[in-house]
Number of protein chains: 2
Amino acid sequence: MTESILPTFADVERARERLRGHAHHTPVVTSRTLDGLVGAQVFLKCENLQRMGAFKFRGAYNALSALPDAARVKGVVAYSSGNHAQAVALSARLLGMPATIVMPANAPKAKLDATEGYGARVVRYDPAEDKREEVAQQIVTETGATLIPPFDHADVIAGQGTAAAELIEEVGPLDALLVCCGGGGLLAGSALAAHAMSPGCTVIGVEPELGDDMTRTFLTKAAQRLTSVPDTIADGARTMGPGVLTLPLLLQHVDGMVTVSDADLVHAVRFAMLRMKLVIEPSGALGLAAMMSGKAGVRGRVGIIVSGGNVDAAMLRWILMEDGERPSVPPEP
Amino acid sequence: MTESILPTFADVERARERLRGHAHHTPVVTSRTLDGLVGAQVFLKCENLQRMGAFKFRGAYNALSALPDAARVKGVVAYSSGNHAQAVALSARLLGMPATIVMPANAPKAKLDATEGYGARVVRYDPAEDKREEVAQQIVTETGATLIPPFDHADVIAGQGTAAAELIEEVGPLDALLVCCGGGGLLAGSALAAHAMSPGCTVIGVEPELGDDMTRTFLTKAAQRLTSVPDTIADGARTMGPGVLTLPLLLQHVDGMVTVSDADLVHAVRFAMLRMKLVIEPSGALGLAAMMSGKAGVRGRVGIIVSGGNVDAAMLRWILMEDGERPSVPPEP
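Because the structure is predicted, anything quoted here is derived from the model rather than measured.

Calculation notes
Residues numbered from 1 in each chain as written. Chains lettered and ligands numbered in written order. Predicted model: local features only at pLDDT ≥ 70, side-chain atom pairs only at ≥ 80, totals over all residues. Heavy atoms only, no water. Pairing = 2+ DSSP bridges. Helix = DSSP H or I, 4+ residues; strand = E, 2+ residues; numbered from the N terminus. Domains from an automatic or database assignment. Buried area = accessible area lost by both parts, 1.4 Å probe. Salt bridge = Lys/Arg side-chain N within 4 Å of Asp/Glu carboxyl O. Axes fitted to C-alpha atoms, helices over the stretch in contact; angles between N-to-C directions. Parallel < 35°, antiparallel > 145°, perpendicular 65-115°, else oblique. Left-handed = near helix turned anticlockwise from the far one by under 90°. Contact = heavy atoms within 4.5 Å. Nonpolar A, V, L, I, M, F, W, Y, C, P; charged D, E, K, R; others polar. Buried < 20%, exposed > 50% of the residue type's maximum accessible area, 1.4 Å probe, protein only. Arc of directions from axis to C-beta.

A. Geometry of the sheet that holds strand β1 (residues 28-29) of chain B. Residue and element names in this part refer to chain B. Here six strands make up an open sheet; going across it, the order is β1-β2-β10-β7-β8-β9 and the pairing mixed. Both edges of this open sheet fall to β1 and β9 (256-260), since each of them pairs with a single strand only. Examined bridge by bridge, β1 and strand β2 (residues 40-46) share two bridges and lie antiparallel to one another. Residue V29 lies in a different strand from β2, and its bridge partner there is L44.

B. Broad picture of the domain arrangement of chain A. Residue and element names in this part refer to chain A. Here chain A is partitioned into domain 1 (9-55 + 153-321) and domain 2 (57-147). When each unit is reduced to the centre of its C-alpha atoms, the spacing between domain 1 and domain 2 is 24 Å. The largest contributions to the domain 1 side of the interface with domain 2 come from R18, R51 and M52, which together make up 38% of the buried area. Applying the counting rule to domain 1 against domain 2 returns three salt bridges. The closest approach of N and O atoms between E47 and R58, which form a salt bridge, is 2.7 Å.

C. Inspection of the packing of helix α3 (residues 56-65) of chain B against helix α5 (residues 83-94) of chain B at higher detail. Residues and elements named next belong to chain B. Viewed as axis vectors pointing N to C, α3 and α5 meet at an angle of 45 degrees, and their least axial separation amounts to 8 Å. In terms of orientation, α3 and α5 fall into the oblique class. For the pair α3 and α5, the crossing hand works out as right-handed. Contacts between α3 and α5 involve K56, F57, A60, Y61 and L64 on the former and, on the latter, N83, H84, A87, V88, L90, S91, A92 and L94. For the contact of α3 with α5, the per-class residue count stands at nine nonpolar, three polar and one charged.

D. Up close: the sheet that holds strand β3 (residues 76-79) of chain A. Residues and elements named next belong to chain A. Strand order in the open sheet formed by four strands is β5-β4-β3-β6, with parallel pairing between adjacent strands. Only two strands of the sheet have a single partner each, and these edge strands are β5 (121-125) and β6 (146-147). The pairing of strand β4 (residues 99-104) with β5 spans five bridges and is classified as parallel. Paired with M103 across the strands is R124, a residue of β5. Across the sheet, helix α7 (residues 132-143) touches β3, β4, β5 and β6, and the angle it forms with β3 is around 175 degrees.

E. Highlighting the environment of D235 of chain B. All names here are of chain B. Tracing the sequence through the fold places D235 in the loop between α10 (213-220) and α11 (246-253). On the basis of relative accessible area, D235 is assigned to the partly exposed category, the value being 22%. In this structure, the C-alpha to C-alpha distance between D235 and G59, residues 176 residues apart in sequence, is 19 Å.

F. View of helix α6 (residues 109-117) of chain A. All names here are of chain A. Those residues of α6 lying buried are K111, L112 and T115. Angularly, the buried residues of α6 cover 100 degrees about the axis, an arc narrow enough to put them on a single face. α6 presents K109, A110 and G117 as exposed residues on the side facing more than 90 degrees away from its buried surface. At its buried positions, α6 is contacted by α5 (83-95), β4 and β5. Where α6 ends, the next residue or the one after it, G119, has phi of about 95 degrees, a positive value.

Structure, rendered in structure tokens:
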């Protein structure tokens, strides 16, 4: 394996320049009701209000706009059935680049439609027959397009770090920052920004209990992988293990990892909807759930990155059912 | 009837000073998806993210903080089963004043609890036996407290106008401004602000079809009242007719009135939730519904006051059902 160059805070600053005027400067929302419940002063950075509904736009747009002209002409490829697909599709359209997104043939129609709606070519594959990495690699070989991975890429990580940078610039130094963790791109970028701009800020990643690969990696200081896709409503955090870049960044820059249950996520998403008037997807509520359940164990001035809001009506209806009436099996995200 | 002194833009400016540091400066949210759908550039002023979840905090806090010391000691009274109750209760607590809220005995428990949660004394009455105005008047007589009406009050109207003032200050001149209309306090205040800060801006009030008292008043240039409480999911717009102050302000300052159906409201609330990640109560979506249905008939740079987000889980679940599966009778708001 070749030595990989890790992104630094200077890369986050460069990403901020590239994103200026293209990404939304998302609002920071506060709630005295929430503060009273958790005994802290909480600042929610609302990336659910970001373009295409998630922080993923930041990393994708930064990575695409960093490509040299020769690569831009040949376009980009990504494999994702989630927010990364839409982020790459939208960024490519804005930058006038062709984009191909590799999605499983059984992906929800809404996600296929949204991705095609942004002008991307969607290539479907049968997940029982083919590996998405191989399908994507074949397109790269045939077209010369550049593969944009969902998290394990220096420009993607640097782009994701701009949300935390905006938050700290707006509200000042923090005692703690809670960040959702799937593959660790948002967490790594946020840690780079927080430690540069708010020294002493404790950066904590939050995973679903059943997808605790990064938590176990953090505790054992060695890469741990899941053996099967975790069964959690936090579909954006169904990653299997750390990447080549996010592993060392996790071990060097992150101060702690905690996990929350799906019940914690339901409670947090409900609270956000009914009390804060914000629609947050389950993965996007990992940080809020860690705070509200007490599992984060932090106080003082606490920033939380609310990572996205792309959740469908069936899942929202299920979450909005009263406790006791909600079927135990959630709808497929 | 004595001559009533109408509020002016100078009163809105004074209200802004009183509210500074107490009301949230709520975010303005934009969506290129929405802009593409409606063929305009839309700016949503998110008063659903205001304290206690609605613009009502602005008017109540302004009215209470304008009271002289002698009146403050004796406290305030309001009758409301909705957002005005919580707005007066919270404002009174912040200003250290006693508050009594007169609510029907059959009001939803969540609203009773929320109002008491802000520290107000709640007096229940039987709506079949007593008139809320008389119950409130009796408390005024006994305690010397000041009655704070929900909309027909110069300081309340001036306070409500601060949302439009913030919006125009932030985004610049508008071609049109769409404002939800119940009793007309928000509409009147918004018109005062818009015409002073953005001359030429067309200010349009939006009512539910079944609660069109202000629309008919506008068209006939004479006060029209409903004969029964309108059956609409826009429970914040179930007012019966214009007030002594809102009638002349409507006729002098508002450029148009339109109505939307409950189906338009359902469509707008769904869109706000699933695409814009915002929870808006049906009354709060009147302006957005007028824009999305084409009934507002405006283009260019369009501001919309999203007035509130206090809606319960049962109503949200009903709205989130697919068209065709949704029972025709909504849950009681």
